[in-house]
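Coordinate analysis (summary)
One letter stands for each residue in the lines below.
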Amino acid sequence: MKISKLAIDIGHNVQFDGGAVGIRSENELNYEVGTKLIEKCRAAGLTVINCTPSRAISLYDSLNKRVEAANNNNADFFISIHHNLCTGGHGSEILCIPGGRAEEVAKIILPEIAKLGFTNRGVKSRNDLFVLKNTNMSAILIECAFCDSPIDMNNYNPESMAEAIFKGICNAFELNSSERNNPAEQPNYYTVVRGDTLCSIAKRYGTTVQKITSLNNISNADIIYIGQKILIK
Ligand SMILES: [Zn+2]
């Protein structure tokens, strides 16, 4: 199954909709994992709708704005990022309305998270959650880990969590490896034209003369020539 538009919802993180607080705050963890996941999906060529509202006047308003962002933008799939709280619990689970695409995708993503060492608590059926019930597209809610569990929070790494979810997304939606290449990481050459200085080139690319000279083994920063190919990053 292929998609082009993915709705990602960073759970809570707005007034009237605060997350759980354990050893770490759920808001903070959701934000860290969610923003990294959004970056990865965008770099892979997906259009990502960030459904997290910037303000809300009630809990209902917060949840409804998330659903509306996904529905109004005709997203193909909806993923909400959360962290669990329950004294004594640990591990990862994905909640969804069972029996369709949501469950299929959940079953592909969850083992990727479990590979990081989190206990696989399974894909769980939930028919009562607002964002799952009211989104027009298939929707899942990932409880990445327990924010009050020492087992889960010890050495918790939002980057590897985001990467695991992203891998699951790539597998579920058949994103191939060439689409996964981050264009920002490709070598980027600039060809010198008349009037250029290393200083003007550095400014244009948001880098420094020092970085450019060391990348290109340029010993004298004042000497560059027209047509010279300069590696920017
Ligand atoms: Zn939550």
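Each value, and the rule that gives it
Residues numbered from 1 in each chain as written. Predicted model: local features only at pLDDT ≥ 70, side-chain atom pairs only at ≥ 80, totals over all residues. Heavy atoms only, no water. Helix = DSSP H or I, 4+ residues; strand = E, 2+ residues; numbered from the N terminus. Buried < 20%, exposed > 50% of the residue type's maximum accessible area, 1.4 Å probe, protein only. Contact = heavy atoms within 4.5 Å. Areas by Shrake-Rupley, 256 points an atom, 1.4 Å probe, with all protein chains shown as cover. Lys, Arg positive; Asp, Glu negative; His and termini not counted. Charge placed at Lys NZ, Arg CZ, Asp CG, Glu CD. UniProt positions renumbered as here; feature names shortened; annotations may be inferred. Expected span 1.5 Å × (residues − 1). Donors = N, O, S within 2.8 Å, 3.2 Å for Na, K, Ca; no water. Phe/Tyr/Trp six-rings, centres within 6.5 Å; stacked < 30°, edge-to-face > 60°. Polar contact = N/O pair within 3.5 Å; in protein donor to acceptor, adjacent residues only side chain to side chain. Core = buried A, V, L, I, M, F, W, Y, C linked by side-chain atoms within 4.5 Å. Pairing = 2+ DSSP bridges.

Description of the overall build of the protein chain
The secondary structure content of the protein chain amounts to nine helices and eight strands. Referenced to the eigenvectors of the C-alpha coordinate spread, the extents of the protein chain come out at roughly 65 × 40 × 35 Å. Going through the 233 residues of the protein chain one by one, you find that 45% of them count as buried. A sequence separation of at least 24 residues applies to 75% of the contacts in the protein chain between residues at least 6 apart. For the protein chain, the exposed area adds up to about 11800 Å²; of that, 49% sits on carbon and sulfur atoms. Here the protein chain holds 24 positive side-chain charges and 24 negative ones, and the gap between their average locations is 6 Å.

Brief notes about the UniProt feature "domain: LysM" (unreviewed entry) in the protein chain
Under the present numbering, the feature "domain: LysM" (unreviewed entry) in UniProt falls on residues 188–232. As a span, residues 188–232 carries 33% helix and 13% strand, and end to end its C-alpha atoms are 5 Å apart.

Section: helix α2 (residues 59–72)
Between its terminal C-alpha atoms α2 stretches 20 Å, which fits the 20 Å expected from 14 residues at 1.5 Å a residue. By the burial criterion, the buried members of α2 are Asp61, Ser62, Asn64, Arg66, Val67, Ala69, Ala70 and Asn71. Check the buried side of α2 and you find it contacts β1 (5–10), β2 (47–50), β3 (77–84) and α4 (130–134).

Structural notes on the coordination of the zinc ion
For a metal bound by four donors in tetrahedral geometry, the ideal donor-metal-donor angle is 109.5 degrees, whereas six donors in octahedral geometry ideally sit at 90 or 180 degrees. Distances from the zinc ion to its protein donors, His12 (NE2), Glu26 (OE) and His82 (ND1), fall at 2.1 to 2.2 Å. Going along the chain, you hit the donors of the zinc ion in the pattern H-x13-E-x55-H. Linking histidine 12 in the loop between β1 and α1 (26–43) with histidine 82 in strand β3, this pair joins segments that are 70 residues apart in sequence. Look at histidine 12 and you get buried, because its relative accessible area is 15%.

Details of the packing of aromatic side chains
What describes a pair of aromatic rings is the distance from one ring centre to the other and the angle between the planes of the rings. Inspection of every chain in the model, using the stated rule, returns three aromatic pairs. Summarising the aromatic geometry, the rings of phenylalanine 77 and phenylalanine 173 are spaced 5.2 Å apart at their centres and angled 65 degrees between planes, so their arrangement reads as edge-to-face. Of this pair, phenylalanine 77 sits in strand β3 while phenylalanine 173 sits in the loop between α6 (158–172) and α7 (177–180), and the two are 96 residues apart along the sequence. The same class applies to phenylalanine 77 as to phenylalanine 173, namely buried. The interplanar angle of 70 degrees and the centroid separation of 6.0 Å between the aromatic rings of phenylalanine 118 and tyrosine 156 together place this pair among those described as edge-to-face. With phenylalanine 118 in the loop between α3 (101–114) and β5 (120–125) and tyrosine 156 in the loop between α5 (150–153) and α6, the pair connects residues that are 38 residues apart, well separated along the chain. Comparing phenylalanine 118 with tyrosine 156 shows no difference in burial state: the two are buried.

Let's talk about the side chain of asparagine 30
Residue placement: asparagine 30 occurs in helix α1. Reaching out from asparagine 30, the side chain makes a polar contact with the backbone oxygen of isoleucine 81 at a distance of 3.5 Å. Among the polar contacts made by the side chain of asparagine 30, one reaches the side chain of histidine 83 at a distance of 2.7 Å. For asparagine 30, the contacting residues outside a window of four places in its chain are Ile10, Gly11, His12, Asn13, Ile81, His82 and His83.

So, the nonpolar core
Ranked by internal contacts, the top residues of the largest apolar core, which has 42 residues, are Ile109, Ile140, Ile142, Ile165 and Ile169. Filtering out sequence-adjacent residues up to four positions away, isoleucine 109 remains in contact with Ile79, Ile94, Ile140, Ile142, Ile165, Gly168 and Ile169. Among the nonpolar cores identified, the runner-up in size contains 15 residues, and Val67, Leu95, Met137 and Leu141 belong to it.

Description of the pairing of β3
Across the eight residues that make up β3, a large majority, eight, are buried. By the alternation rule, side chains of β3 split into Phe77, Ile79, Ile81 and His83 and Phe78, Ser80, His82 and Asn84, which are all buried. Sheet topology places β1 next to β3; five bridges connect them, and they run parallel. Each residue of the ladder has a partner; that of aspartate 9, found in β3, is serine 80. Across seven bridges, the pairing between β3 and strand β6 (residues 138–146) is parallel.

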